[in-house]
Amino acid sequence: TQQALHLQRLEFGRQISKSPLNERQGRLLNAITRVQSQFLIGSFDRYELFTTLLNELLILSDSEYGFIGEIMISEEKAPYCATWSCTNVSWDSGSRKWFSEGYRRGLRIFKQNSLYGKAMHGEIVMANNVDSDIRATGRPKGHPPLKSYLGLPIKRNETVIGLCSLANRPSGYDQELVDFLEPFVLTFGCLIEAQRNN
């Protein structure tokens, strides 16, 4: 079942997170290289490709769920995140319908006054006690627990063009992990830019 696979991935992530830094760096770079190669060839399913990368990020960061996506501007001139991959955390019929209808083409996440909204505007957001963080604005009833959060803005020339959001690392998020994920941040920015140029 999906729940069993989710728990299996979490346990695998716990084991990987305890491995030496050089092993984790090698695994991250291998995942990035695979994605770059398929992206440059041009023959790929974007959702499947970046879901593979997101799953690697979740494992290597020991996170429970997250999403990666591109920052777009609405007709009302407001930024929003169009996901390239997103963990399914749907909790009721409405959220399940929203996810199933949009996850492949990209879900649209608009909420500005939120932790990920801050990241969309260029701030690296680390919140290790979300319930008491003044930047957090609550969650819909039934939403899975959000205990800790990391939001990484993806920039090109100081403009935010993408977002990586990770949640629920048991030990909390820190600068060491931000530095570890820097190769992904740089690569994802290049891929977004390449997609736009195409």
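Attention here is on the structure that accompanies the text. (Residues numbered from 1 in each chain as written. Predicted model: local features only at pLDDT ≥ 70, side-chain atom pairs only at ≥ 80, totals over all residues. Heavy atoms only, no water.)

Bringing the nonpolar core into the picture now. If you look at the biggest cluster of nonpolar residues, it comprises 30 residues, and the most contacted ones within it are Phe50, Ile68, Leu150, Leu181, Phe184 and Phe188. At the level of elements, α2 (21–41), α3 (46–61), β5 (149–156), β6 (159–167), α6 (175–180) and α7 (182–197) are the ones that each hand at least two residues to this core. The biggest single contributor to this core is α3, with seven residues. Excluding its chain neighbours within four sequence positions, the residues that come into contact with Phe184 are Leu28, Ile32, Leu53, Leu57, Ile68 and Cys164. (Core = buried A, V, L, I, M, F, W, Y, C linked by side-chain atoms within 4.5 Å. Buried < 20%, exposed > 50% of the residue type's maximum accessible area, 1.4 Å probe, protein only. Helix = DSSP H or I, 4+ residues; strand = E, 2+ residues; numbered from the N terminus. Contact = heavy atoms within 4.5 Å.)

Attention now goes to the pattern of salt bridges. Following the criterion strictly, the structure yields four salt bridges and no others. Put simply, Glu70 and Arg196 hold a salt bridge, and the shortest N to O gap is 2.6 Å. In this pair, Glu70 sits in strand β1 (residues 65–73) while Arg196 sits in helix α7, placing the two residues 126 residues apart along the sequence. The exposure class assigned to Glu70 is buried, which follows from its relative accessible area of 9%. Arg196 sits in the partly exposed class, given a relative accessible area of 42%. Its salt-bridge partner being Arg156, residue Glu193 comes within 3.0 Å of it at the nearest N-O pair. Of this pair, Glu193 sits in helix α7 while Arg156 sits in strand β5, and the two are 37 residues apart along the sequence. Residue classification places Arg156 among the partly exposed positions, given a relative accessible area of 27%. (Salt bridge = Lys/Arg side-chain N within 4 Å of Asp/Glu carboxyl O.)

Another aspect to go through is the pairing of β6. Of all nine residues in β6, eight are buried; the element is thus mostly enclosed. Pairing of β1 with β6, which is carried by six bridges, proceeds in the antiparallel orientation. Among the inter-strand pairings, Phe67 is bridged to a residue of β6, identified as Ser165. Where β5 and β6 come together, eight bridges link them in antiparallel fashion. If you follow Leu152 over to β6, its bridge partner there is Cys164. In textbook terms, the turn of a hairpin is the stretch between consecutive antiparallel strands, and for β5 and β6 this stretch comprises two residues, one of which, Asn157, has a positive phi near 55 degrees. (Pairing = 2+ DSSP bridges.)

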